[in-house]
Structure formats: C-alpha cells, structure tokens
Amino acid sequence: MIMAPPLLEVENLSKWFPVEGGLLKAVTDVSFAVKKGEVLGIVGESGSGKSTVGQTVLRLTEPNGGDIRLNGTSIAEISQSKLRPMRRKMQMVFQDPSASLNPHLRVGQVLMEPLKIHGIGKSREGREARAIQLLNLVGLSADYFDRFPHELSGGQRQRVGIARALACEPELLIADEPVSALDVSIQAQVLALIEGLKKELSLTLVIISHDMSVVEYMSDRVIVLYLGRVMECGPAATMFAKPRHPYTEALLSAIPGGELENEKRQRIVLSGDPPSPISPPSGCPFRTRCRYAVEACAGAGMQLVSVGESHQTACIRAAELNLGEEGVKEVV
Amino acid sequence: MGSNISGKPAAEKAGAGPDADLNNGLVDIRNLSVAIGSRFPATYIINDISLTVNEGETLAIVGESGSGKSVTSLAVMDLLAPNLSVSGEILFNRRDGSTVRLEDMTPTQRRQMAGDEMAMIFQEPMTSLNPVLTIGDQLVEALLLHRDESMAAARARAIEMLALVGISNPTERLDTYVHELSGGMRQRVMIAMALMCSPRLLIADEPTTALDVTIQAQILELLQRLQAELGMAILFISHDLDVVSDIADRIVVFYSGRVVEEGPARQVLKDPKHPYTIGLLNSKPHIDRAAGQKHTLQPISGSMPNLAAPPAGCRFHPRCNLVVEGLCDKEEPGLRAAAPEHRARCVHINPEGNS
C-alpha cells in the first residue's frame, strides 16, 4: 500500500532490567509503526512500560532485543557516534519541565545547546536568532531569552522544553506525559500548542500518557500497554468507540466524568492491583484481573489478532466476546 | 481584612455565634481568611471564604494549584503552619449535638477533635503514613489517642476497619509495613485510619491524584460506599472536575483564594455560570464519540495571578474573555444567585437569575 517505509518502525522491542530477585520485564515484544505525519498515542498505567518504550526508541536506554528503524534504517545496534546525527531527527519532551531543564542555564542557553551540539547555525548570532525564533514558535516572547527556569511558571517551562525539542527540526517528537505535571487550564494551553506545532511543522508525534482523554484527543492511532505488553492497538476513533480488549474496556470505564459526558455507563471496577512485572502471570498478564478470564488464558501465548482494519487485540476471546457491541456485558 | 467583599450579605452573618443554628450544617466556614507574613499589606492565601458542609453530603472544592483549596481544609483541621494568620470563624456541629466555634477552643481541644470527630486523608499515602511503624501500630494509635480502650479492642477495631475498606486478610496485614503495600492499598489503609473513631467529617485532599485510573475508580467507589454505610460528610478537594463529577453533591469552585462559584454539582457542571468554571470545563480534551466529533480545545489564556499582588476587581478578569473594561477591573462583584442554591461571582449574572 505505502511505498515509503514508515518514519518509525519498532519490532519486538524488549527491555528487561536485572533487579534483585530476577528480571523486571518492563517491555516485552512491543511492535508498532508510525507513519509520517501520524500521531501515535501510548496509554497505560504506571508500570506498563510506556515510558520505557519511549526512552528505548530514542536509545536513551539500550534495548535488550528487537529492532528500531527510523526511515527504514535500523538504529537498534549502531554505535553512539553513528547515532548522534540521527538524534537530530528524533527528540523528546519530558513530563516534569522543572526537572528536565538545567537550573543553571538561562532559557536562551538551553535552546542554543542542541544547536551547538548538532552544528546548526554558523555563528553565535545565528544561534541566538534561532533561539528567539523558537521562543516565538512556542508562544513566548524574546524577553524570556535571559531568564532562568525558576523564573518561569510550569506551563512556560514546558513551552521551553518543547522549544528545545524542536531546536534541530526533528521529524519525530516523543512526548512523555507532556501535560501531566500541569494544572488543568495550562494543560489545555500546552496541548493546543502541540497540536498547532504538529500542523505547522508537519511533525510526527508519539504521545505517551496515562490520561485516556489526552490520548484520545491527540492521537490517530493508539496502543494500550499492560505490564510491558501490547494489549490492543488500532485507530483511536475505533478503539475508543469499541474497545476489543477487556483491559481497554475497563480502562475506558474507569475514566471519571461519565456524568459530564451525558452518558450513563456501567462502571467496571477492576479488583486488585497490577501484578509485579518481575513475576508476571503466565499467558495473558491481565488474566488475574480480567472479568472474562477462562482457563485457556493462563496457557495461551500472547498473540495479537486482527479484529478490524489495522485494529488488533491480544485477547484470545476477542471474537466470542465481541466487546463494545452493546455497552458493557454481563459477565458470563 | 481590606474591603468588605464578602459573598453573603452582612445581615446573614450578624446573629452567628456558638449557639447559632446550623440547620443541616455540619461545618460552617464563615469569612475565613488565611494570610502569610506580617508585612503590610498581608498576602492572603484565601480571602473571605464562606462555605457550609451539610451532614452526610459530599462537598467538593475544585481549584488549581494555589487556589487555596488545601489551605481551607488545613484550617478546619488546625494543621496550618504557625506563621500563617487566620481570621474568620469555623462552626462545627459536634457529635453530642452542641455547636462549637473552633477558634474559641484551645489547641489541645482542637487536637482532640481532629482525628476523632473530623479526620483527613491526603494525596500521597506513602509520605503520610509512618514507614517505621506497622500498619497495625498506626491504626491502633489513631483510636487510643481519643478513646480509653484496651489494646485488644483497638486491634479488633483496626481489623474491622481494614476489612471495611476492602483489604483482604486484615489480621495479617496489621503486621505489615507501608512499603509492602501498593499505592491503592496504602490509600485504603489511610482511609481505614481516618475512620477509626467514626468521624462525622472526612476531609479528602486529592485522595486519588497519585493513583492510576483503575485504582482511582476503586477508591472513589470505596468512598461512596463508606459514606452510604457510615453517613459521614465528605469534604472532597480536587483539581479534577471529572473526578468531582463522579462523587460530589455540591461543588465550590476556588480561584486565587476566592470562591467564584458554588452550587449543586450537576448544575455547576452542566450549566456553569462563572467564566472560570466554563473555561475549566472547556479545557478538558473532549471527543463526542457518537458523532465522532472533536471539540477544539479552548484553553484559558494566561496563568494564575500572583497572590501577593492580586489584580484589582475580579481576580479572573485578566484571563476572562467576557471581561467588561471599567467594570470587572474596578470592583469585585459579590456572589450572585444564578439559580436557587447556585451562585457565581460574576457581573454577567443579573439578579433575576438569567445570565
């Protein structure tokens, strides 16, 4: 169908951390592709591995297995020196802007550092002009050039974090919980900014968030992670209207605010906590909290099955359950 | 306090005393202000707040960081830092039927009430629970501080409360430490601890903000069940209108240390009157799934004002898109009735109730 390879392809990505008592399986066999100009949302709760996926894709942590291809070129195993020029093409926005900006550097220096590293802008003047241009791009005036991060509000800091990520004109921007640390009214400002920049600069985005409404609003496609594995992936509109995995269904029903949405929903309250990623359950990792679990769930391997156009779920009972058809089903 | 910019008409407050009739009121906060520092003019963290929590209801205070929502609850619990100066009054309807004015009580008396007739749970259970004491020690202590009971009776009560908040094997759990529990379990333990003396008022300050969405749903359901079973009032503090919409009977919206809107939850959420509340609701990313339509985000521009130099007039006017020059920036309006029980501090509400 599409001749050019997707901008980002991730295949069977795994990241396991050795810890006391075994291996913490943060990410296991995660595969996805992001087309140019597309927004991919990654949702999951804490410990689902969503941040690890983001960091591993940029090789901020080294993957244990799997392949990462940027514009068709594998970057999973190339050396750091070869990786550096590729880094220009992919940048990250972090959750907590007060922790991700160097407190000793003025905003202008923060923005000029990546330019210097990647040799963009011939002279200091050139880089300064570019930094001011970046400030304007994210809605800050040139006055902010000489300020320190502590002089800015949370929303302004996040704008600087975004400007820094955009400094070397990346093709791919990975935003890890970009608005979670911000107040509600500021969240909307930053989301609107990201949305606008995406159009203006034709960016490709990966948005990582625990907040389903943020992901639903921003994304074209979504993958749902649980204990480091993909539970479901598909087009945002289809998946949120008709989730095909019991975990996605439960996540959606747990979003507060049904009252606000004018919809009477039956709430599925999952019992218990997510199991430890050090010793995840056999078979489907969600089966211990799943209301539809049967014996076969413990034995079966995790396999994504297609349930619609580019819509896949890892539930072995997907076809028989046919979730999302008539609201929430009674447990059989 | 500077100018008299109170919401309630002065006549209403005149007769209030310790013997004042609270009607259904359990807690009545009247003209409460909390200021920091001794410099003149003082910086008010909250300014002239009046609100009532009725018996058995859930009242939610909604606001962003710095709006003063937590400070209000800390003032009720007498947990404010000593360098803050407090004025105004807080009336509390006690278990024995008497009404007390909290400012008139000695610190010892207030300490006796806190944890007994009123209890509080916090956002981050990991930092609110003691890491070097077992769960059991902390639960038992919460009861023995206020009641002359035997250790065995206190342990029995602790087991009962842990079971009530949905912790399995409560007897064995008594001997565990906080780090052995998950975030959701810790919050349950904190709720159990707050319930040890059957409080009439439970203050919950962002109790689900640190939790995952599926665990948040568990805790919200638990709080609703406990309220139905035990009949206590809940003062629920949150920045999240979605969470509040699930649990609140009434809502009070705070902005920059002031009440800007109050009313029955449904009305405030469905038919908000103050431009700030409207802006907050429009700030939520929202998709109409049935129609497949994406509502464009309409963020509130600007940021919270500096409390040390609040804007003249309505505190929200620099960020408001309905601002009337020469009016909103001159004098702050009082709380105006938009509907029965529903009031907002905005000049666009006319006295007839149509805005």
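Just so you know, these numbers come straight off a predicted model, no measurement behind them.

**Here we look at the overall build of chain B**
Move 1: Helices and strands together make up the secondary structure of chain B, namely 12 helices and 14 strands.
Move 2: Radius of gyration (C-alpha) of chain B: 21 Å, near the 20 Å computed for a compact globule of 355 residues.
Move 3: With the C-alpha coordinates of chain B rotated into their principal frame, the extents come out at 70 × 55 × 35 Å.
Move 4: Looking at chain B as a whole, 55% of its 355 residues are labelled buried.
Move 5: Sequence-distant contacts in chain B: of pairs separated by 6 or more residues, those separated by 24 or more amount to 64%.
Move 6: Here chain B displays about 15,100 Å² of accessible surface, and carbon together with sulfur accounts for 50% of that area.
Move 7: For chain B, the distance from the average site of its 32 positive side-chain charges to the average site of its 43 negative ones is 4 Å.

**Points about the sheet that holds strand β5 (residues 73-74) of chain A**
Note: strands within a sheet are paired through backbone hydrogen bonds, in either parallel or antiparallel orientation.
Residue and element names in this part refer to chain A.
Move 1: The antiparallel open sheet is built from four strands, whose spatial order is β2-β1-β4-β5. The open sheet terminates on both sides in strands that have one partner only, identified here as β2 (22-34) and β5.
Move 2: Two strands pair when backbone bridges link them, and strand β1 (residues 8-19) and strand β4 (residues 65-70) are joined in this way by five bridges, in the antiparallel orientation. Following the sheet pairing, Glu 11 is matched in β4 by Asp 67.
Move 3: Across the face of the sheet, helix α1 (residues 50-57) comes into contact with β1, β2 and β4 while running at roughly 115° to β1.

**What to know about the pairing of strand β3 (residues 58-62) of chain B**
All names here are of chain B.
Move 1: Summarising burial for β3: five of the five residues are buried, a large majority.
Move 2: Where burial is concerned, the two faces of β3 agree: the one with Thr 58, Ala 60 and Val 62 and the one with Leu 59 and Ile 61 are both buried.
Move 3: Where β3 lies against strand β8 (residues 233-238), five bridges are found, and the strand directions are parallel. Across the sheet, residue Thr 58 finds its bridge partner in β8, namely Ile 234.
Move 4: Of the strand pairs in this sheet, β3 and strand β9 (residues 250-255) are connected by four bridges, and their pairing is parallel. In the strand pairing of β9, Ile 61 is matched with Val 252.

**Examining the environment of Thr134(B)**
Residues and elements named next belong to chain B.
Move 1: For Thr 134, the position within the fold is in the loop between α4 (125-128) and α5 (135-144).
Move 2: The exposure class of Thr 134 is buried, given its relative accessible area of 11%.
Move 3: Taking the C-alpha atoms as reference, Thr 134 lies 10.0 Å from His 179; in sequence the two are 45 residues apart.
Move 4: Those residues within four positions of Thr 134 in sequence are excluded, and the remaining contacts are Leu 174, Asp 175, Thr 176 and Tyr 177.
Move 5: Polar contacts involving the side chain of Thr 134 include one to the main-chain amide nitrogen of Asp 137, which spans 3.1 Å.

**Notes on the pattern of salt bridges**
Move 1: The final tally for this structure, using the stated rule, is 25 salt bridges over all chains.
Move 2: In this structure, the salt-bridge partner of Glu55(B) is Arg200(B), at a minimum N-O distance of 2.9 Å. Taken as a pair, Glu55(B) in the loop between β2 (43-54) and β3 and Arg200(B) in the loop between α8 (183-195) and β7 (201-205) lie far apart in primary sequence, 145 residues in all.
Move 3: Of the residues examined, Glu55(B) reaches a relative accessible area of 38% and is grouped as partly exposed.
Move 4: Asp242(B) is the salt-bridge partner of Lys284(B), the closest N and O atoms lying 3.5 Å from each other. Separated by 42 residues along the polypeptide, Lys284(B) in the loop between α12 (275-282) and β11 (286-288) and Asp242(B) in helix α10 (residues 241-247) bring together distant segments of the chain. Taken individually, Lys284(B) and Asp242(B) each receive the classification buried, so the pair is uniform in this respect.
Move 5: What you see here is one network of salt bridges that share partners, running through Glu9(A), Glu11(A), Asp67(A) and Arg69(A).

**Examining the sheet that holds strand β1 (residues 25-36) of chain B**
Residues and elements named next belong to chain B.
Move 1: Strand order in the open sheet formed by four strands is β2-β1-β4-β5, with antiparallel pairing between adjacent strands. Looking at the sheet topology across the chains shown, the edges are occupied by β2 and β5 (99-101). The sheet shows a mean angle of 5° between the axes of neighbouring strands, taken without regard to direction.
Move 2: Two elements, strand β4 (residues 84-93) and β5, share three bridges in a ladder whose sense is antiparallel. Each bridged residue has a counterpart across the sheet, and for Phe 92 the counterpart in β5 is Val 100.
Move 3: Helix α2 (residues 69-77) rests against β1, β2 and β4 of the sheet, and its axis sits at about 115° to β1.

**Structural notes on the packing of helix α6 (residues 154-166) of chain A against helix α7 (residues 184-201) of chain A**
Residue and element names in this part refer to chain A.
Move 1: Following both chains from N to C, one finds α6 and α7 inclined at 20°, their axes separated by 10 Å at the closest point. Looking at the two axes, α6 sits roughly parallel to α7. The interaxial crossing formed by α6 with α7 has right-handed handedness. Contacts from Gly 155, Gln 158, Arg 159, Ile 162 and Leu 166 in α6 reach Ile 186, Gln 189, Val 190, Leu 193, Ile 194, Leu 197 and Leu 201 in α7.
Move 2: Classifying every residue of the contact of α6 with α7 gives eight nonpolar, three polar and one charged.

**Quick word on unusual backbone geometry**
Of all residues except glycine, most have a negative phi; of all peptide bonds, most are trans.
Move 1: In this model, Arg59(A) sits at a positive phi of 55°, which is unusual for a non-glycine residue.
Move 2: By relative accessible area, Arg59(A) is classed as buried at 7%.
Move 3: With a phi angle near 60°, Asp48(B) is a residue other than glycine that sits in the positive phi range.
Move 4: Checked against the element boundaries, Asp48(B) lands in strand β2.
Move 5: With relative accessibility at 5%, the residue Asp48(B) sits in the buried group.

**A look at the side chain of Thr214(B)**
Move 1: The residue Thr214(B) is located in helix α9 (residues 213-230) in this model.
Move 2: Judged by its relative accessible area of 2%, Thr214(B) falls in the buried class.
Move 3: Looking at Thr214(B), its side chain comes within polar contact range of the side chain of Glu45(A), at 2.5 Å.
Move 4: A distance of 3.4 Å separates a polar atom in the side chain of Thr214(B) from a polar atom in the side chain of Arg289(A).
Move 5: Look past the residues within four positions of Thr214(B) in its chain and what remains in contact with it is Glu45(A), Leu251(A), Ala254(A), Leu270(A) and Arg289(A).

**Re the confidence of the model for chain B**
All names here are of chain B.
Move 1: Per-residue confidence for chain B gives a mean pLDDT of 89; residues scoring 70 or more make up 92%.
Move 2: Note that residues 1-19 has pLDDT below 50 and, in this model, 32 contacts with residues that lie over four places away or in other chains.
Move 3: Two summary scores accompany this predicted model of the complex, namely pTM at 0.87 and ipTM at 0.83.

**Focus: the interface of chain A and chain B**
Often, the extent of an interface is quoted as the loss of accessible area on bringing the components together.
Move 1: The partner chain B presents 40 residues to the 37 residues of chain A that form the contact.
Move 2: For the pairing of chain A and chain B, the buried interface totals around 3,500 Å² over both sides, and the portion due to carbon and sulfur atoms is 53%.
Move 3: Our enumeration of links across chain A and chain B arrives at zero salt bridges.
Move 4: Where chain A packs against chain B, one counts 12 residue pairs in polar contact (both at pLDDT 80 or more).

Rules used in this analysis
- Residues numbered from 1 in each chain as written.
- Chains lettered and ligands numbered in written order.
- Predicted model: local features only at pLDDT ≥ 70, side-chain atom pairs only at ≥ 80, totals over all residues.
- Heavy atoms only, no water.
- Helix = DSSP H or I, 4+ residues; strand = E, 2+ residues; numbered from the N terminus.
- Rg over C-alpha atoms; globule rule 2.2 N^0.38 Å.
- Buried < 20%, exposed > 50% of the residue type's maximum accessible area, 1.4 Å probe, protein only.
- Contact = heavy atoms within 4.5 Å.
- Areas by Shrake-Rupley, 256 points an atom, 1.4 Å probe, with all protein chains shown as cover.
- Lys, Arg positive; Asp, Glu negative; His and termini not counted.
- Charge placed at Lys NZ, Arg CZ, Asp CG, Glu CD.
- Pairing = 2+ DSSP bridges.
- Axes fitted to C-alpha atoms, helices over the stretch in contact; angles between N-to-C directions.
- Polar contact = N/O pair within 3.5 Å; in protein donor to acceptor, adjacent residues only side chain to side chain.
- Salt bridge = Lys/Arg side-chain N within 4 Å of Asp/Glu carboxyl O.
- Parallel < 35°, antiparallel > 145°, perpendicular 65-115°, else oblique.
- Left-handed = near helix turned anticlockwise from the far one by under 90°.
- Nonpolar A, V, L, I, M, F, W, Y, C, P; charged D, E, K, R; others polar.
- pLDDT = per-residue confidence, 0-100.
- Buried area = accessible area lost by both parts, 1.4 Å probe.

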